[in-house]
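Next come the chains, spelled out residue by residue.
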Amino acid sequence: AEAALEATQTEPGHVVVLFRLCADTSLPTDPQLRQAAVIRMKNIIQRRWTVRPQRKGEPELPALPEDDKALVRNNLGEALIFAPPLIRSQLGLCVRCIAYSDYPEQWPGLLDAIVTNLASGDQQRLAGGLFTLRVLAKTYEFQREEKRVPLHAIVDATFPRLVALLDALLAQPPNAEYAELALLATKVMWSVTQLALPPLLLDPKLMDGWFSTLTNLLEQPLPAGAPDDADEASKWPPWKVKKRVA
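Residues numbered from 1 in each chain as written. Predicted model: local features only at pLDDT ≥ 70, side-chain atom pairs only at ≥ 80, totals over all residues. Heavy atoms only, no water.

## A word on the pattern of salt bridges
Move 1: Counting across every chain of the model gives 10 salt bridges.
Move 2: Here Arg73 and Asp102 are joined by a salt bridge, their closest N and O atoms 2.6 Å apart. Taken together, the residues Arg73 in helix α4 (residues 66-82) and Asp102 in helix α5 (residues 85-102) connect sequence positions 29 residues apart.
Move 3: In this structure, the salt-bridge partner of Arg144 is Glu146, at a minimum N-O distance of 2.8 Å. (Salt bridge = Lys/Arg side-chain N within 4 Å of Asp/Glu carboxyl O. Helix = DSSP H or I, 4+ residues; strand = E, 2+ residues; numbered from the N terminus.)

This is how it looks when you write it as structure tokens:
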């Protein structure tokens, strides 16, 4: 089976079949098979999205066909919304690899899709949009200033929505499920401010608003059900939010 996969990996449509197998919820597929498919898909994308020098002794592999790449780009954001956590984490690595190469010139619809999902009243779409935004922001986390220009447009388009979302979550009773959303939003803030403040946050009024929201998150009471064990508590989203804010 391994030999058969290797023999067909350069055929057009190979990565598309893997994508469908891992992400198409209409296919009655075993979860372990989905996980194997998404890991293979991620590995192929990392090796073949663009042609790059191979390690010594490895065969030279062609870049993926443009039609295959377009199909993956056009459907990856939607797949992230409905994927279970194990699949989502691997698809996130695919987004990161593709964004390094293609965003924004060859993937102009990605930011629009994120903004649309952030504006959605559907919590699953909101979580998917936040996760995708976190991955995209992380792409620029340690980039030099001249390569961070696309990040400024990302911040301009999403940060007013992010701080409004956090304020809306703070207005609700403390909830572990809401903390998952708050954690993604604060991780985005973390990524975009690693090396420098983006121009939007150089406005003192906007930064004051963000610090007020972050302080409120830090001081927000914990919801019921906090783990007693320290190791388990460190994995609990409400505590992770406070750690990230701090």
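So, next bit.
## Description of empty space enclosed by the protein
Rolled over the atoms, a probe sized like a water molecule indicates the empty space that remains.
Move 1: A complete count under the given rule lists two cavities of 30 Å³ or more for this structure.
Move 2: What the largest cavity holds in volume is close to 170 Å³.
Move 3: Of all the secondary-structure elements, those providing two or more residues to the lining of the largest cavity are α8 (149-170), α9 (176-192) and α12 (237-245).
Move 4: Of the residues assigned to the lining of the largest cavity, the class counts are 13 nonpolar, three polar and one charged.
Move 5: Looking at the second largest cavity, its volume works out to about 40 Å³.
Move 6: Contributing to the lining of the second largest cavity are Gly77, Leu110, Ala113, Ile114, Asn117, Gly128, Gly129 and Thr132.
Move 7: Mapped by element, the contributors of at least two residues to the lining of the second largest cavity are α6 (109-118) and α7 (123-139).
Move 8: Considering each element in turn, the lining of the second largest cavity owes the most residues, four residues, to α6.
Move 9: Split into classes, the residues belonging to the lining of the second largest cavity amount to three nonpolar, five polar and no charged. (1 Å grid on protein atoms, 1.4 Å probe; cavity = no way out; pocket = protein on both sides within 12 Å on 5 of 7 lines; lining within 4 Å. Points joined across faces, edges and corners; volume = space filled by probe spheres on them. Nonpolar A, V, L, I, M, F, W, Y, C, P; charged D, E, K, R; others polar.)

## Structural notes on the packing of aromatic side chains
Move 1: The tally for this structure, following the rule as stated, stands at one aromatic pair.
Move 2: Between Phe159 and Trp210 the ring centres are 5.1 Å apart and the planes differ by 40 degrees, which places this aromatic pair in the tilted class. Placement of Phe159 in helix α8 and of Trp210 in helix α10 (residues 204-219) is noted, with a sequence separation of 51 residues between them.
Move 3: For Phe159, a relative accessible area of 1% gives the class buried.
Move 4: Above the plane of the ring of Phe131 lies Arg88, whose end atom (NZ or CZ) is 5.7 Å from the centre.
Move 5: Taking NZ or CZ as reference, Arg244 lies 5.2 Å from the ring centre of Trp190, over its face. (Phe/Tyr/Trp six-rings, centres within 6.5 Å; stacked < 30°, edge-to-face > 60°. Buried < 20%, exposed > 50% of the residue type's maximum accessible area, 1.4 Å probe, protein only. Lys NZ or Arg CZ within 6 Å of the ring centre and 35° of its normal.)

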